[in-house]
Amino acid sequence: MAKPTTPQAIRGTQDIFGAEAEAFAHVVETFERVRKLYRFRRVEMPVFERTEVFSRSIGETTDVVSKEMYSFEDRGGESLTLRPEFTAGIARAYLTNGWQQHAPVKLATHGPLFRYERPQKGRYRQFHQLNAEIIGAGEPQADVEVLALADQLLKELGIAEGVTLQLNTLGDAASREAWRAALVEYFRDHAAALSEDSQDRLERNPLRILDSKDSRDRPFVADAPRIDDFLGGEAQDFFGKVCEGLKAASVEWQRAPSLVRGLDYYRHTAFEFVTDRLGAQGTVLGGGRYDGLVETLGGPHTPAVGWAAGIERLAMLVGEAPLDAPLLTVIPDEPEDESLANRIAALLRHAGVSADIAFRGSAKRRFEVARRNGSRARLVIRRQKSTEGIPSRLGHHVVVNEPDSFDPADSAYRNLILKVLSDHFDVIRQDRAAQGYWVDAVLKERT
RNA sequence: GCGAUCGUAGCUCAGUUGGUUAGAGCGCCGGUUUGUGGUACCGGAGGUCGGGGGUUCGAGACCCCUCGAUCGCCCCA
């Protein structure tokens, strides 16, 4: 019979393991902790929706809908799509579940998203995001709130140093439209000198010329009309209040007049936290105010603001996740002692000590494994030797030692281990902190 | 969709202008040595050189196709 072939993983998916997986988990855990401080409520969302949930809200940018979504028909012929973002699904849930009664509602979630794209650094077909939204709040304070959450998250992840908040306003519908018209007119005058891509964008998505990477476009972008000249009084006032609030919350930012959003329903605040440490994919967290989205899904006018952040990108910046609690490895010297090893490990774990059991290979091998898995301490179980005058049936000799040198600062850790042992065994001899050891004791079953 | 680079043991890689039985380090398995054991040494398993076709007396090395990876462009909700 032919040897079965191993199926390949799907392009753009990842199997995350080891340090990277720890960093990933650390990002999610930090988000969960911080989001509670800001009282964002956790929501769980379906991973797929009717295609129209996304296609209607995303609308005209045809590339995105037709080429970059994972869509398929179910058995009933219904077109479904794996969620390419959280926002549209949350807006749908807001409407279909009557969450309007909670408005304004602060929501947070995280999980996998899917986009049919060519993978590159920090970009995958199945990727993961953190997401925070405030729905039903048109006040600039809501913008400040989501930005303060984002800012604190990055600070607590310890990556705020290399990341800057780029902030812009797109104004309200009227100012945005006036600006757009001015941009089209301006770029049209220079069309011949623009890059091919930007000439194309002039028709499809003129705002995007502003963040073109082509050097030929740069000089024109620098002199392009600015949104500030088109902001109405209300829009100006709104942006002013956001800036004021950020200052009060001590969130630092930079004005980025070229920062835009591709979709039409965005209003006012647009922002990205950007780093130069991730190659071409430098946006680590991005979002803005999307006052028009809920209406495209048939709901009432509902102002909202939110952001999403790529977990993989954050994890890359975090690098090594902070060390876990110190690990102790329980090493039974002989196979007969393995069940005692299990028992002691269980007792330690119940007491909150992170413990591993070395259960395979020779005794030597077990020490080797303990050394390499980063154990802070090793608890060795062996039969008490009769040479010391105590018959072997009396008990087990237990040694806890530490690979390097004894560190008195860890006495609380040592005392905890000792307490667990003495709570469950008779300790008939104990030599605390003998040279090189934290604990050196003979245990006897309690009768 | 487009472009560049790459694809040799589980991992990281070396393999001279194409030349006979394909190598190292780490890891894995076994053994010897070592004071409760972060040492050293010895041995072993493991590769259809991503896959297919071609050029050649001869291809891991050269050519074509294909699959995959990486990085970038487009796009970025």
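Before any of the text, the structure's been laid out above.
Residues numbered from 1 in each chain as written. Chains lettered and ligands numbered in written order. Predicted model: local features only at pLDDT ≥ 70, side-chain atom pairs only at ≥ 80, totals over all residues. Heavy atoms only, no water.

In terms of regular secondary structure, chain A is built from 14 helices and 17 strands. The 447 residues of chain A split such that 46% are buried. Within chain A, residue pairs in contact and separated by at least 24 positions form 71% of the contacts whose partners lie at least 6 positions apart. Approximately 23,000 Å² of chain A is accessible, and the part contributed by carbon and sulfur atoms is 49%. (Helix = DSSP H or I, 4+ residues; strand = E, 2+ residues; numbered from the N terminus. Buried < 20%, exposed > 50% of the residue type's maximum accessible area, 1.4 Å probe, protein only. Contact = heavy atoms within 4.5 Å. Areas by Shrake-Rupley, 256 points an atom, 1.4 Å probe, with all protein chains shown as cover.)

Packing of helix 1 (residues 19-37) against helix 11 (residues 311-318) brings their axes to within 8 Å, and their N-to-C directions diverge by 110°. Overall, the two elements helix 1 and helix 11 adopt an arrangement that is roughly perpendicular. In the packing of helix 1 onto helix 11, the handedness of the crossing is right-handed. Note on element contacts: helix 11 touches helix 1 through Ile311, Glu312, Leu314, Ala315 and Val318, opposite Ala23, Phe24, His26, Val27 and Val28. When the residues that make up the contact of helix 1 with helix 11 are grouped by side-chain class, the tally is eight nonpolar, one polar and one charged. (Axes fitted to C-alpha atoms, helices over the stretch in contact; angles between N-to-C directions. Parallel < 35°, antiparallel > 145°, perpendicular 65-115°, else oblique. Left-handed = near helix turned anticlockwise from the far one by under 90°. Nonpolar A, V, L, I, M, F, W, Y, C, P; charged D, E, K, R; others polar.)

Further remarks concern empty space enclosed by the protein. Tallying each qualifying case throughout the model produces one cavity of 30 Å³ or more. Of the residues that constitute the lining of the largest cavity, the class distribution is five nonpolar, one polar and three charged. (1 Å grid on protein atoms, 1.4 Å probe; cavity = no way out; pocket = protein on both sides within 12 Å on 5 of 7 lines; lining within 4 Å. Points joined across faces, edges and corners; volume = space filled by probe spheres on them.)

A cluster of nonpolar residues, Val47, Phe48 and Phe72, forms a patch on the protein surface that exposes about 240 Å² of accessible area. Among the structural elements, Phe48 can be located in strand 2 (residues 48-50). What makes Phe48 partly exposed here is its relative accessible area of 43%. (Patch = residues over 30% accessible without salt bridge, like charges linked within 9 Å, V, L, I, M, F, W, Y side chains within 5 Å. Salt bridge = Lys/Arg side-chain N within 4 Å of Asp/Glu carboxyl O.)

Let's shift gears to the nonpolar core. Counting 46 residues, the largest nonpolar core has Leu130, Phe271, Phe273, Trp307 and Leu314 as the members making the most contacts within it. With nine residues, the single largest contributor to this core is helix 5 (residues 140-156). Apart from the residues within four sequence positions on either side, Phe273 is in contact with Leu147, Ala150, Asp151, Leu154, Val163, Thr164, Leu165, Gly282, Thr283, Val284 and Leu285. Counting 44 residues, the second-largest nonpolar core is a separate cluster that includes Ala91, Ala93, Leu170 and Leu293. (Core = buried A, V, L, I, M, F, W, Y, C linked by side-chain atoms within 4.5 Å.)

The next thing to look at is the pairing of strand 5 (residues 105-114). Among the 10 residues in strand 5, eight count as buried, and that is most of the element. Across two bridges, strand 1 (residues 41-42) lies against strand 5 in parallel orientation. By the bridge assignment, Arg42 is partnered in strand 5 with Ala108. As paired elements, strand 5 and strand 6 (residues 126-135) share 10 bridges and run antiparallel to each other. Across the sheet, the residue bridging to Thr109 is Asn131, located in strand 6. (Pairing = 2+ DSSP bridges.)

Another aspect to go through is the packing of aromatic side chains. Any two aromatic rings considered together are summarised by their centre-to-centre distance and by the angle between their planes. Under the criterion given, the structure shown has five aromatic pairs. Look at Phe239 and Trp253: their rings are 6.5 Å apart centre to centre, the planes differ by 70°, and that puts the pair in the edge-to-face class. With a gap of 14 residues between them, Phe239 in helix 9 (residues 233-248) and Trp253 in the loop between helix 9 and strand 8 (254-255) connect regions that are remote in the sequence. According to the relative accessible area criterion, Trp253 is partly exposed, its value standing at 32%. Consider the rings of Tyr265 and Tyr266, whose centres lie 5.0 Å apart with planes at 35°: the pair is tilted. Using a relative accessible area of 6% as the deciding quantity, one classes Tyr265 as buried. The ring of Tyr116 is capped by Arg125, whose NZ or CZ atom sits 4.0 Å from the centre of that ring. (Phe/Tyr/Trp six-rings, centres within 6.5 Å; stacked < 30°, edge-to-face > 60°. Lys NZ or Arg CZ within 6 Å of the ring centre and 35° of its normal.)

Before going further, it helps to spend a moment on helix 7 (residues 196-204). Listing the buried residues of helix 7 in full gives Ser198, Arg201 and Leu202. The buried residues of helix 7 occupy an angular sector of 115° when projected down its axis, which confines them to one face. Exposed side chains of helix 7 directed beyond 90 degrees from the buried face belong to Glu196, Asp197, Glu203 and Arg204. On its buried side, helix 7 packs onto helix 6 (173-189). (Arc of directions from axis to C-beta.)

The next point concerns the side chain of Arg125. Take Arg125: it is sitting in the loop between strand 5 and strand 6. Although buried, Arg125 forms no salt bridge, and the nearest oppositely charged side chain, Glu117, lies 7.8 Å from it. Residues in contact with Arg125, not counting those within four places in the same chain, are Arg11, Gly12, Tyr70, Leu113, Phe114, Arg115, Tyr116 and Glu117. (Lys, Arg positive; Asp, Glu negative; His and termini not counted.)

Let us look at the packing of helix 1 against helix 5. Packed helices, taken two at a time, are described by their axes: the angle between them and the distance between them. Look at helix 1 against helix 5: their axes get within 10 Å of each other, and the N-to-C directions meet at 140°. On the basis of the axis angle, helix 1 is oblique to helix 5. By crossing handedness, the relation of helix 1 to helix 5 is classed as right-handed. Across the interface between the two elements, Thr30, Phe31, Arg33, Val34, Arg35 and Leu37 of helix 1 pack against Leu149, Gln152, Leu153 and Glu156 of helix 5. Among the residues making up the contact of helix 1 with helix 5, the classes are represented as five nonpolar, two polar and three charged.

If charged atoms from side chains of opposite charge come close, those side chains can pair. Taken as a whole and assessed by the stated rule, the structure comprises 21 salt bridges. Ionic pairing is found between Glu44 and Arg42, a salt bridge with its closest N-O pair at 2.7 Å. For Arg42, a relative accessible area of 29% translates into the label partly exposed. Here Arg255 makes a salt bridge to Asp228, at a shortest N to O gap of 2.7 Å. With a gap of 27 residues between them, Arg255 in strand 8 and Asp228 in the loop between helix 8 (218-222) and helix 9 connect regions that are remote in the sequence. On the accessibility criterion, Arg255 (29% relative accessible area) is partly exposed. Look at the salt bridges and you will find they share partners, linking Glu32, Arg35, Arg42 and Glu44 into a network.

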